[in-house]
Structure formats: C-alpha cells, structure tokens
6 protein chains.
Amino acid sequence: MFHHSSKLQYRVRVDTPNPAFAKHLQQAIGGIEGEIRVAMQYFFQAMGCRGDDKYRDLLMMTATEELSHIEFLGHAVALNLEGAPVSMQDEAAQDPVVHAILGGMNPRHILSSGLSAMPVNSNGVPFDMSHVYATGNIGADMLANATAEAGGRVLASRLYNMTDDPGMKDMLSFLIARDTMHQQQWLAVIEELGGWEAQLPVPNSTPQEHEAVEHSYYFLNTSLDEPTPEGRWSSGASLDGRGEFTVREKVEPLGQKPSLGKAKPMSGAQKEQI
Amino acid sequence: MFHHSSKLQYRVRVDTPNPAFAKHLQQAIGGIEGEIRVAMQYFFQAMGCRGDDKYRDLLMMTATEELSHIEFLGHAVALNLEGAPVSMQDEAAQDPVVHAILGGMNPRHILSSGLSAMPVNSNGVPFDMSHVYATGNIGADMLANATAEAGGRVLASRLYNMTDDPGMKDMLSFLIARDTMHQQQWLAVIEELGGWEAQLPVPNSTPQEHEAVEHSYYFLNTSLDEPTPEGRWSSGASLDGRGEFTVREKVEPLGQKPSLGKAKPMSGAQKEQI
Amino acid sequence: MFHHSSKLQYRVRVDTPNPAFAKHLQQAIGGIEGEIRVAMQYFFQAMGCRGDDKYRDLLMMTATEELSHIEFLGHAVALNLEGAPVSMQDEAAQDPVVHAILGGMNPRHILSSGLSAMPVNSNGVPFDMSHVYATGNIGADMLANATAEAGGRVLASRLYNMTDDPGMKDMLSFLIARDTMHQQQWLAVIEELGGWEAQLPVPNSTPQEHEAVEHSYYFLNTSLDEPTPEGRWSSGASLDGRGEFTVREKVEPLGQKPSLGKAKPMSGAQKEQI
Amino acid sequence: MFHHSSKLQYRVRVDTPNPAFAKHLQQAIGGIEGEIRVAMQYFFQAMGCRGDDKYRDLLMMTATEELSHIEFLGHAVALNLEGAPVSMQDEAAQDPVVHAILGGMNPRHILSSGLSAMPVNSNGVPFDMSHVYATGNIGADMLANATAEAGGRVLASRLYNMTDDPGMKDMLSFLIARDTMHQQQWLAVIEELGGWEAQLPVPNSTPQEHEAVEHSYYFLNTSLDEPTPEGRWSSGASLDGRGEFTVREKVEPLGQKPSLGKAKPMSGAQKEQI
Amino acid sequence: MFHHSSKLQYRVRVDTPNPAFAKHLQQAIGGIEGEIRVAMQYFFQAMGCRGDDKYRDLLMMTATEELSHIEFLGHAVALNLEGAPVSMQDEAAQDPVVHAILGGMNPRHILSSGLSAMPVNSNGVPFDMSHVYATGNIGADMLANATAEAGGRVLASRLYNMTDDPGMKDMLSFLIARDTMHQQQWLAVIEELGGWEAQLPVPNSTPQEHEAVEHSYYFLNTSLDEPTPEGRWSSGASLDGRGEFTVREKVEPLGQKPSLGKAKPMSGAQKEQI
Amino acid sequence: MFHHSSKLQYRVRVDTPNPAFAKHLQQAIGGIEGEIRVAMQYFFQAMGCRGDDKYRDLLMMTATEELSHIEFLGHAVALNLEGAPVSMQDEAAQDPVVHAILGGMNPRHILSSGLSAMPVNSNGVPFDMSHVYATGNIGADMLANATAEAGGRVLASRLYNMTDDPGMKDMLSFLIARDTMHQQQWLAVIEELGGWEAQLPVPNSTPQEHEAVEHSYYFLNTSLDEPTPEGRWSSGASLDGRGEFTVREKVEPLGQKPSLGKAKPMSGAQKEQI
C-alpha cells in the first residue's frame, strides 16, 4: 500500500522561470528516459517478481522513490512556467520577446494544462506504457533497469548543461546522483546472483538442448567490404564461460529461397495471384 | 548501402501449420522483444555513433543480421497460416475445429494481411519506433542492446516451449543461439572500453561537480515497515570504485511542501482559483 | 514524497485461477477506465492545482490510494495466471482444455510478462498517458474525475458479473465501493464551490464579452426529419441561471461557402491546382 | 444517414493570417479537448444507446453539429496558413522574420498538408480514437460529455486569449457559446433522469450486494502528515442519499503481504528464481 | 455544414447474432481499411483542396457518404452482440458454449462498450488519425483514396467470406459495391486531369532542375544473386512519357563512407567517444 | 538475407549545418511519407507475396534500396546537427542566436539522441508500423506503393524548397528522382497485369454475386444544395469496363431507423435504460 507525505523528496527552486526549459524538463517526466517510466517499470517488475522476495522489496522501494521524482519534477515544470504569457494584450502582442517565448515553449502548457506539468515528453508526445519492461526474468529486468537509469542519467546530464539556472542545476545534480546509485544497484543484483558468468545467457534456465550452440559464439560479419572489427567479442572466452568467441565472414545463407506459391481462392487476392 | 541475397539466413520448416502459433510468433517480429526493434535500434545507433568507428561497424553489421531474422520469421508466420480457414462454407461453418482455430488466431491474419506476417506483436499491436533506444552514449546504448537481446532470448525460449513443431523448434534454437551471442557482444564492448568500473556511472563524462555525490551511493528504503534488503547494493565499494554503498531508511524529505498559489487571470481557471 | 508499506490495501484471494479472467482484469489496470489512469490523473491534477491548497491535498491523497489499487489488482492478475500452461509437453499438446485456455488468455501473459500483470488493457493495448486529463481548471478536472470513476465503477460491476470466483467477487465489491465514494467526492467539490449554478459554464471566469451569448442556450436540431427531443435541455432556465433554454430546428448555416482558391507555386501541389 | 450543405455553420474570417495560431488552433480540431473527439464520442454513444430513443437522437444531433465545427475550424487553420513561407528564396532566407515564422509554426503544415488542417493537436500528435468514451451507460456517458465540453470551453477561452485577430475572436466566441450549451445539455439529461441522487452511484443498477458498502462513504486520507481536508465530502449525507460521509485516517492495510513464490520451470525465468 | 436523417443508408439485418463476427466487423469501422479512415481522409482533403472547387465538392460528398457507412456498420456490430453473455450465472459458467463465445469475442465489447461498436479494429486497437492521408496535392490524394478503397474492398470481400449470415452478406455486398465505385471515382479524377502521363510524376509541378533525372528511370537491382525481374518497369517508355526505363544491377554506391568523428564535450557521450 | 557495404548509396554533403533543417528532414525518415515506411512496407509485402515470384523479387529489391535511403538521410540529419548548442555557457546563454536555434530545432536531438537522427517525424512523433500497408492483394499493394512514393516525392520537393544548402539540394534531387522511378514501377506492375480494366475493381477475384452491382457505378451526391460535380466519374463507361457511370442525387435512405431497445440487466447500464 502507498502513502504520501506533504514535502517533496528534494527542494525545487527556480531562480529565473523559463517556459522553454519547462518544455525540456518534460523529457525527464514523460520521456522514455523519464521518471514515469522507471516508477512504473519497477512497480510492475515488483508485482511480477518470483523467487527471493528481497528483490521484490528492492524493486518496490525504488519504484516508490521514483514516484517522488515525478513529483518534484512536476513542481519544477510549473515553477518554470510562472512567467509564461497567457493572453495577447495589445502591448504584449507587439513584443518580440513574447513571441520568442511562445515559439520556444510547448503551447499545450498554456492551452491544455494551464501552466503545469503533463505526462508527455519534450515534443509533447504522451508517455505510453509499452515502455514498461517487465519480463518476469530477473536478469532481463535488471538489465532493463540499468539501461533505464543510464538513459536517465544521460538525460539529466544534458538538461544540466542546457540550463544556467542555479536552482535547476541543484535539482538536476540530485537526479544525476540518484541515477548513479540506481544504475549500480541493479547491476549489483546481477553480482549478487553470481555475476555475469552465472547469469548469462539470459535466461540461464533455458536447457542447452534448446539452443543450436554451434551458432552461439560467433560474430557474424554481414558486410561485403569491411573487415570484422576486432575486440573482446571476436576472440577469447565467452562471457558465460561456456564457449569461445569466433568470427564468421561472408557466410553463406543457411536457408532456402522462400516462396509462398499461389494464393488461395476466396482469400481476397487478385485473380492473377490465384 | 544495403544488399540482399535470395536465400534466408536460416532454414524455415513448419511441419504442422498452426495459425495460433503464427499469432504467437508475431511477438518475435513486432513485439518490443522482437527483431524489428533490434534491427532498427542497432541501425540508428550506428548512424549516430561517435568515437572509434569500429563500434559503428559492429552495430551496422548486426543490424543487418537482424533484418535477416525478420525475414525468416516472416516466412515462418506465413507457413503457419497455410491451413487457416478463409471462408465459412456451409460445412466448415458447422465445424467446431474451424471455430477453435479462428478463436485462437489473429483475425487480421485473414482480414488484413491475407495469411502473412504483419509488423505487429502477438496482440496485434503495431510496433512503434519509440522503442528504438539510441542515445549517442555508447555505454547507455550497449546496456540497451544487452537488454533487448535478453528480452529477445527470454521470448525465443518461451516460444520454443509453446510449440511442439520440430521445424519451429529448430528455427527457434537458432534464434536462441544468436541471442546468446548478441547479449555477449554488447557486454563485451563494455569490457573492451575498460569494464564497468571505467564505464560507470553512465555517462562517465559528467563532471563530478555536476553531481550531488552525497546522494550517489545510498540505497533509499522508502518502506514504512520493511527492513532494507541486504545485498551487494547495501554495503561495500560501489561498482564504479568511486564510493561506498550505504543505506538510508525512513529518510526525511529534503524539499518544501509545494504550493502554486493563485491562478492567473485569463489562464482558463475557475474564478475560485484566481 | 511517497512511501510504501508491505501489505496490500485490500485482501486478494483467487479460489480458482482463471487465465482468461486475468486478461479481463487487465482492463481495470491498463484500460482507460482503469487504475493507472486515475492514479496518474489525480497526481498530475494535484501538481497543477492552483487556488485553495486543500484541493491539492484531496487530489494527492486519492492519487495515492489509486496506486494501491493498481497494486492489489496486479497481484490478482498474477494469482489468476497460476494455472496457465507454459509449455506444450507432448500430453498437454493433445489436451483440448489447454488449447481452450490458451485461446482465451492473453498470450503475452506467457510470452512477455512471465505470468504477471502488464500495464495494458484487456486487448493488450498499452495504457497511454494522453488519457490523463488535467486542465488546471478545477471544474473541468472534477468533471473528468467523476467521469473516470463512473467508467471505473461500470467496469468493476461488469467484471463482477463476469466471474464466479468468490475471492474475485470480494475484491471487486471493494473496488465498486471505493468508486462510489470517489464519484461522490469529486462532485462534492463542485457543491463545495457553490454548486452547478456557480461553476457553470466551465470556465466560469471567461468574461461574458468573450462569448456570443445569443448562441449559448439553444439546442440545435441538425436532423432533417426528426423533431427535437423534448426535455430539461429544451426549455426552462439554464443550469447556470444565466439564460433560458430554447430550440433551433433546420437552422440556416451562418457562414460562407469555403474556398481556398489556387495553390501557391512551390507548395508541392499538382500543376492543375496552381 | 448524413448529409451536407455547402456553407459553414459559422462564418470564418482571418484578418491577419498567423501560421503560429494555425498550430494552436489544431488543438481544437485534433486535441483531446477538440471537435473530432466530441463528434466521434457522441456518434458512438448514439450508436450504442439503449433505453429511451430520445437520448440517441439527442446524441446524434449534437454529433452532427460537432462535425460542422471541425469543418469551420479546418477552414480557419487554412486561412491562417495563407502567409506561410514555402520556399527559401535567396532574399527570404536572409529574413529573420521568415525564420521566426518557421520556428513558431508546425513544419508539417508545409511539409505534409500543404498549408491546411490536419487531424492532430497543437504538438502535431494525431488524435487517436481511444479518447472516444462510450460505455453504454448513459450516466457515465453524460459525465464524459460534460467533461469533454468543459475541457473544450477551457481550450476555446484560452485560444481566445492567445489571439488578437478580430475574426478569430468572433469565431471562438461562437465556439465558447456552443460549449456553454453543450455542457448544460448533457448535465440536463442527468436532471431529466432524476438528478444526481437518482443517478448516483453510476451504474445505479449494480445490486447493493455486489458492493462492500462499508467502504462506500469514507474519504481515505493516505497522507502521513496532512490532516484530512474538510468539505462537503468529509461529512454530511452522501450525494446519492444512501449513506453518510466519514473520514478514515492512517488506516491499516486490509490485505496480505503479496508473494508469488518460485517461478515455474520452463517459464523463462532465471534459474535462481525457480 | 452537416445534417442527419434518421434512417440508415442501407438496411442492416442480422439473422444469427455472432459476437465473434462483431469483433471481425470492427476492422471495417476502426481498421486502417475502415470507414472512419475514409470519412476523415476525404473530409480533411476537402478542407485542404486548392484549385478547381469541384474536387472539394466531390471529396466532401463522399466523406459524407462514408460517415453513413460507419453508422450502419456500427448498428451491425451492436446487433451481432445481442446474444453475448454478460454474466457468469452458475449454469452459464458451466456451459462450454459460453466459454467458446467469450474466447472468440472482444471482451471490451462487454467490459467497455456495453455491447456496442467501438472505434477500434478487430484486435481492439483504436484507430489513430495519422492514417488520414491528405497532402494538399490532388494527385497524391487521389492515389491515397484509391488505395484506401482497394484495401476497403479487399476487407469487405474477406468479411463476406467469413460469415454465412444472409443479412450480413447482404450488407457487405452493398459495401463491396460502393467500394467499387469509390475506387473508380478517384482514379477517374486522374483521368479527368489528363491521365497518368500528365499527372506523373507526382507532384508534376516540381521543376525538372530540382530532379537528378539521370536517376529517374532505372530500376535498381540490389540483389547479389537474383537477375532483375523483367516487365513493364524494366524497359520501354516511362509512364510519364519523359524517359525510357532501364535497369542497373550491382551498382556501386555513389556516396562516401559515413563517419561522425568524435563526440562533443558536454554532449552526454562516454569519455571514450570524446 | 541482407548484406551491407560501407559506403552510402548517395553522397551527403551539408555546406551549412542547420539544426532546424535536421528537424525537417526527420519527416523523410520517420514520417508517414518517409523511408522507414516504404522500406518496411515493401519488405512485408514481399514476405506475403503470392503468385508470380518476380513480384516478390521486385518488392524485396526496392525494400533494400529504401533501407539505404534511411541510411543517407540519417547521416544528413547528423551533419545538420553539427553546429547545435549543447550547453548554456554564460556567454552563449546571452546570445539570441543560440535561443533562436534552440527554438527551431527538436530538443530531443540534443536531449535524447545526442545530435543524431531518430525514427521520428518532424514533430518528434515516432513512426508506427500500422502504416505498413500490405494486404496480400497485389493490386491494393501496388496502389499503396504508388501512394507512398507520391507522398514521398511531394515531401522531398517541399524539403528541396525549404533549404538553400547546395549539398542538401543535391541529395534531395536524388531522392526526387528515385521517387519518380518508384511511382512508375509500381504502376507499371498494374499495366503488366493487364492494366486498370483488368485489375479493377480490387480485388478482381470477388465473385460478381458477392456484389450488389446495382450500387456499383453511381456517384452519390449527399449534398443538400450542391449539384453533382460533372466529370469522368459521372457518366461514360466505368474504368473496369463492366458498367456505366451514373449519378444519384438526394437519394432516400435504403435502411431502417436503428433502435437497440432496452439494455440487458447486468450489463452495466443505468436502471432507466433497462
């Protein structure tokens, strides 16, 4: 069960309201790199978590924290919109500054939300829940979470660079810090579970006889004119300790030329296809 | 530039066509765990890759392989639809088997595609390109790719379990194998770049002064009644070697109680808010 | 800031797991009538609430309750999936019951989530946040909330009718009850603010001179052959006490015949249009 | 059956074409507060209307009016685009005004529609029909309709404030007026059906034994530190006349701690979860 | 301006209600091949039509007809849902027929719409307005319309084959007929405008100097092992009479190898990329 | 199977990087008129192609070419973003030019992709695969392809007009040329298959007895006050040679007045409807 307390997890101060930055900040709320996504992703993973219950707890606790991140970011968006123009008075309409502000902001911050945050990204595209990655496989889920936090910290760092408002920089430095921790905590679960050698390949419960292992450890060079890039992936022991990396270049296709033949009568094709 | 040759990358054989399994296979084409996603994700990452060009090549070569996976899976869907009913002849209409087949398949495989594959998932929801994760940050991208391949191999393993058609099992065992390699090759890039300690936190180029480091290494327990789950994340050196994991429980909020005060006149609020 | 406690807001018991009902229940999680929607709608309204802060508190408290509804519904979905088939063993593959179960359930409950809840509706379509209605106008928002709860209680009542599992009926009777309260609490805000006469038309702050009031109180009959349906809307005082309802039938258009004339050169039209 | 006559329902005059305002107007066509939505919502509600046929007629007549609103708004968008630049001639390319216009308008008004209206909102996001709320329950539907018209009038009022073009203000004052009527006519249906006491809770046909009525009339305070906001919702008779409002604070969870236990073999989980 | 009359454009009779066929019919309402799409496509094309106004009239008249098609199809869906089960009474719950019906129908026809049509396709995916193709170029638009009607008639023919209900077959035979006409009328516009030779390439107003005409008339064979398929496209005069078709096989790329070099500092990349 | 070679199909040169034009170019990558769409449309049509295999080859070869178009356009977007500002240094923050650039570009080109292409349109809306039109009917598919190429060439022509960068004009003149060929090649398939008279109506395999032919050749004038526009569609032989075009004006509806009567008990309606 969820509960709420009245103060924000972190202080939000906007020294100079900036409606364009309000639009940018929306990426951290409703973008695929944003907080709705991680809150919901961890929440759904927690609800589907099977095995040791401590992982469910870990997920639910951080889901709860992410909900608090949405909350303070939402407040930051509203504070950045304080100065936005809402009416074209005669004098304002002449003012090029007003037009510049309008051109740089999301018009729906005026038209739809009345100067407050929306669950959309910086292009105004609503977040959709297909981005909640929750597979029921803890290895896949931890990778998805580390990915989300990496994307989130890249975004927070870019937002930090895109503003010179000290209050906003302060708030973003907190987000950057929490994303540091969250990246690590999800990768730490993999270490806790025996590390990459134990966890790979995901799912590690797939019986070996379900896998055509002769195809499991070569890098396939599909280029007609480029040599295989050399690296950790092209030779040496595989990361799961089960094989040896090799390379295949200009490999012959292993399959047939596909052909479906004639269409069935009554299948809605043209006569010439039947 | 892309080229094509006429044979499939891997052989596709369907011993007993099964329209319901055609629907299930769609998840591997147009699902978020599917092949359109990885093909396009690696392709866009390659086009945005900055730094050593060998990573761009690596990405483009595997993008190209994934296009070939879409191709053989698409053929597999069509072959599974060979037996599907397309018309309610008088006798067929009486046949409970026909109704059972129709109930289990995607009706759009008849109505929309004429017995062939579509770029949709197993619920018939079209793939949308917001799932192409490509940040321009190679660390975030490699994690996104390992995630995609982990999800992909989980899916391929589940599909393997959901069929008893030997041809389909053979094809899926190939997919399982390639997903093994692809998981590893993206994680191997991280090793090549110095491993987790060097790559974390992503982005590793964010200046330390942009980060409120006092918040970077504690796990936040937001539960009112559960102890912090103990593990690799709750104590010991952080994975980036820059800090020490700790835990904070029942932490006080650091921010203010938010209040926006009155609404502006002409902002479309109710009078009582202004 | 949000917090969590370990127990569910309401008990969840499934006497006979039913994977088809798991699919149906998804509508109450990820449907437009579902709990993600109300949780997020109240949350965003709270963050954008201007005027008396008690309405913000009201919204945030109920947003928090709705998060708890997602949580117990998610558990209910997982419990209903306990019996679902995950592999076509030889014997199972022959079993018509297994096929019937598979035909009635969402295949992604096996393929994508590993037998747990997803943020999708009963057709497997992911929830998208465009359904978070939050205008910054408290009158419009309260109507949107009463609407959401009306839709929610219609859905919960239909789900109640669609199951004969006593545990599920018990859980749904709780949801039906809470939706009763929530419908009323949002309408009670309108009463608190002076009732319909004071609140209508929304927004009640629009200056009268912005409105062509001669068009504000007639019902327009656009039918060529049907008389105007008589009722509260066709005569008598308007609900805002500012006018008198009347009716207009077979009204003449008030505007011009639209014509855009020629296309501009270089605008990408055909020559014949320019 | 539908018919059309050649003149617009209301006159459209644009004194000074403004491509940025064309973008803003799109919200009234393809936004969730817009005319496509209400036209389609009333149309689908009419087609599903059961009970007294006069409500079906009411819905269909107003659906038809809303189609006419799309039509004159579409013309208004095109007229606002008359002055838009379609080609970067040498002189124009130097002109900062041209760049300012381009920056403020939707580029797809040039690139995709050739200077005319599109079924998208002011961010260019296409309208999607999931926003057609039509439940088959007339109480829920009337609330949804009043909500849509409240949102619509909030939007029209904001657009009125965002322009100083007399022709556009004239057209918007008509829209504001019609939204006044439409808000009232849908609420008048509720009065016609006996008013809130008779209609609440929606659906009013749910048998009382399907409802855990002990949970139907209390406001749940889920905050850890805020008192319950006092108001019409916290004490007094409930709006349906069936109960008495009360308040519950810091309530104990009524449910169990959820746990799913081990994952099934062959379910695609990690070994450690099984 | 739009008007409505009370009777359907065509009679709708359902001899044996079939909830599964109600689901299938949804494709003709809310599918990309369906009636909402064509109604809205012709409507928006009409509103953006420049040049001779008779084409605007043609478009608006047929848009209006398509609205009437939505209406009778919506009624057909509702009539097919008459027999659907809405409650699991004890006896019904035992009945395998009830379960078969539920398995084959769209559960949202019960849960969300209360036994009536929705603006979704046969998978329950809502129609989205991005499918309204309206370019402002009459050549492109006429092709888009012929495409839509071709897809529509393929669908109607398949639906005809999927039912053995005489009433439904009668209604579909009307739709098939109207789609015949509509295909032809849009292609007839191209003939009216001078035929393909005059209209191609679309847009025919693009100055020849904007086109690298040396690349305008060869078919590019991108296969490594297949000969160019011979046909009307590989030799002979081009359809616009401006060139001669030829073929290029195994053509050398004309461009450079792309490389973006180093990432900028402060751009959120990994250090190794900068 | 697909292959790749390292050079671009066509050279990409950007003389003056322009982040606003990068945003515009996105329409040609991820718009409905763009290259992802045609690549995937031809690919899926190829995989579902039944009848003479040469059409499958034709489709797959051009699908492959379109993948190469995505590639060079993606490079063009990245080159146009070279000059984009990524950080608000003190001096830059004062610079009105920086703000103008930011206002005109897609902020996600900085925040999400790190200065490279994304699979989105010029409004930042991601491409979704519902736009892959592939019916299994070669007539419908060829029309869909000609439509896509007509829309594509309209777009490329408009982009050509929207830039004055010689490098970009050169690249676009190549795209314009290839779209010329592709329009023609798909229409040439129709000629190869016997031309319009043979191919219409699509599907030409629908038995005549499935069609209410008395409704197949009249144009329906649904206007109350406009005469039927005269043209090729209103008289003369139909394009399929099977009929004669006529006109029907002010036609009487052929159907009944629809009414659904009472709602079922337990269907979630209001009491008053039952």
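Residues numbered from 1 in each chain as written. Chains lettered and ligands numbered in written order. Predicted model: local features only at pLDDT ≥ 70, side-chain atom pairs only at ≥ 80, totals over all residues. Heavy atoms only, no water.

So, about the pattern of salt bridges. Residues and elements named next belong to chain A. Applying the stated rule across the entire model yields 78 salt bridges over all chains. The closest approach of N and O atoms between D240 and R242, which form a salt bridge, is 3.3 Å. Judged by its relative accessible area of 4%, D240 is buried. According to the relative accessible area criterion, R242 is partly exposed, its value standing at 35%. (Salt bridge = Lys/Arg side-chain N within 4 Å of Asp/Glu carboxyl O. Buried < 20%, exposed > 50% of the residue type's maximum accessible area, 1.4 Å probe, protein only.)

Our focus in this paragraph is the pairing of strand β2 (residues 218-221) of chain D. Residue and element names in this part refer to chain D. Residues of β2 alternate between two faces, with Y218 and L220 on one and F219 and N221 on the opposite face, all of them buried. Where β2 and strand β3 (residues 246-249) come together, four bridges link them in parallel fashion. If you follow F219 over to β3, its bridge partner there is V247. (Helix = DSSP H or I, 4+ residues; strand = E, 2+ residues; numbered from the N terminus. Pairing = 2+ DSSP bridges.)

Let us look at the interface of chain D and chain C. Accessible area lost on assembly of the parts is the figure often given for the size of an interface. Listed as interface residues are 109 residues of chain D and, on the opposing side, 108 residues of chain C. Buried surface at the junction of chain D and chain C, summed over both partners, amounts to about 9,300 Å²; 63% is from carbon and sulfur atoms. At the boundary of chain D and chain C, one finds four salt bridges. We note a salt bridge from R153(C) to E211(D), for which the minimum N-O separation is 2.7 Å. Where chain D touches chain C, the interface holds 56 residue pairs in polar contact (both at pLDDT 80 or more). Only α3 (53-80), α7 (138-162), α8 (166-192) and β2 of chain D provide two or more residues apiece to the side of chain D that touches chain C. Looking at the side of chain D that touches chain C, the element that brings in the most residues is α8(D), giving 15 residues. Its residues assigned to classes, the side of chain D that touches chain C comprises 50 nonpolar, 37 polar and 22 charged. (Contact = heavy atoms within 4.5 Å. Buried area = accessible area lost by both parts, 1.4 Å probe. Polar contact = N/O pair within 3.5 Å; in protein donor to acceptor, adjacent residues only side chain to side chain. Nonpolar A, V, L, I, M, F, W, Y, C, P; charged D, E, K, R; others polar.)

Another aspect to go through is the domain arrangement of chain A. Splitting chain A by domain gives domain 1 (19-195) and domain 2 (206-253). Spacing between the C-alpha centres of domain 1 of chain A and domain 2 of chain A amounts to 37 Å. (Domains from an automatic or database assignment.)

On to the relation of the copies chain D and chain C, then. The two copies are related by a screw motion: chain D maps onto chain C through a turn of 180° and a shift of 0.0 Å along the axis, at an RMSD of 0.0 Å. A rotation of that kind, with that shift, is consistent with a two-fold axis. A high fraction, 99%, of the interface residues of chain D reappear at the interface in chain C, so the copies pair face to face through one surface. (Least-squares fit on C-alpha atoms with pLDDT ≥ 70 in both.)

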